Amino acid sequence: MAVVDNIPLGTRYRANNTAETAFTCVHASSGRRRYRTPYLTEEFANVLEVCLMRLPFVRTVRANAASGSILLIYPPEDEAHILVLAEGLEAIFAEGRTA
């Protein structure tokens, strides 16, 4: 994640000046990553589950709008693909949009 003035790109601020990260990895282990975003809607969660499962390097996708959680399970050797995918998702959510 890129940083400008010690603030991660994609960070938004609420009215009370507390940072709200638009998209972040909250857990990573071999072949498994969980991301969180406050911008995940039920509709976009469904789109992500359908579309990301079409990628040959994704084994499982679980997106939960209530928790803002996106779980990706993949072969460990495909980690580089997942990181590129995460950059794309980060760009979408950094703008506070879901499509």
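Located above this text is the structure these notes cover.
In short, a report on the structure. Not measured: the values here are computed from a predicted model. Along each chain, the written sequence defines residue order, and numbers are assigned to residues from 1. Confidence filtering applies because this is a predicted model: local features only for residues at pLDDT of at least 70, side-chain atom pairs given and counted only at 80 or more, and all residues used for totals across whole chains, interfaces and linings. Hydrogens are left out, water is left out, and the side-chain values use all remaining heavy atoms of the structure.

### Focus: the sheet that holds strand β5 (residues 24–29)
Ordered by their spatial adjacency, four strands build an open sheet running β5-β6-β8-β7, and the pairing between neighbours is antiparallel. Edge positions in the open sheet fall to β5 and β7 (60–64), since each of these has one partner strand only. Direction aside, neighbouring strands of the sheet carry axes that sit 10 degrees apart on average. In this sheet, strand β6 (residues 32–36) lies alongside β5 in antiparallel orientation, the contact comprising five bridges. Counterpart to His-27 in the pairing with β6 is Arg-34. Strand contacts of helix α1 (residues 42–52): β7 and β8 (69–73), with the helix running at about 175 degrees to β7, the strand carrying the most contacts. By the convention used here, residues are in contact when the closest approach between their heavy atoms is within 4.5 Å. Between the N-to-C directions of two axes lies an angle of 0 to 180 degrees, each axis being a line fitted to C-alpha atoms and, for a helix, fitted only over the stretch in contact. Per the convention used, a helix needs a DSSP run of H or I reaching at least four residues, while a strand needs a run of E reaching at least two, with both numbered from the N terminus. Its contacts with the sheet place helix α2 (residues 79–94) against β6 and β8, and it is angled at close to 5 degrees to β6. DSSP bridges decide pairing: two strands pair if at least two such bridges lie between them.

### Considering the side chain of Thr-37
As for its placement among the helices and strands, Thr-37 is situated in the loop between β6 and α1. Pairs of N or O atoms within 3.5 Å make up the polar contacts considered here, provided that, within protein, one atom can donate a hydrogen while the other can accept it, and that residues adjacent in sequence are counted only when both atoms are side-chain atoms. Within the structure, the side chain of Thr-37 is placed 2.5 Å from the backbone oxygen of Ala-22, a separation counted as a polar contact. Not counting chain neighbours up to four residues away, the residues in contact with Thr-37 comprise Ala-22, Phe-23, Gly-68, Ile-70 and Phe-93.

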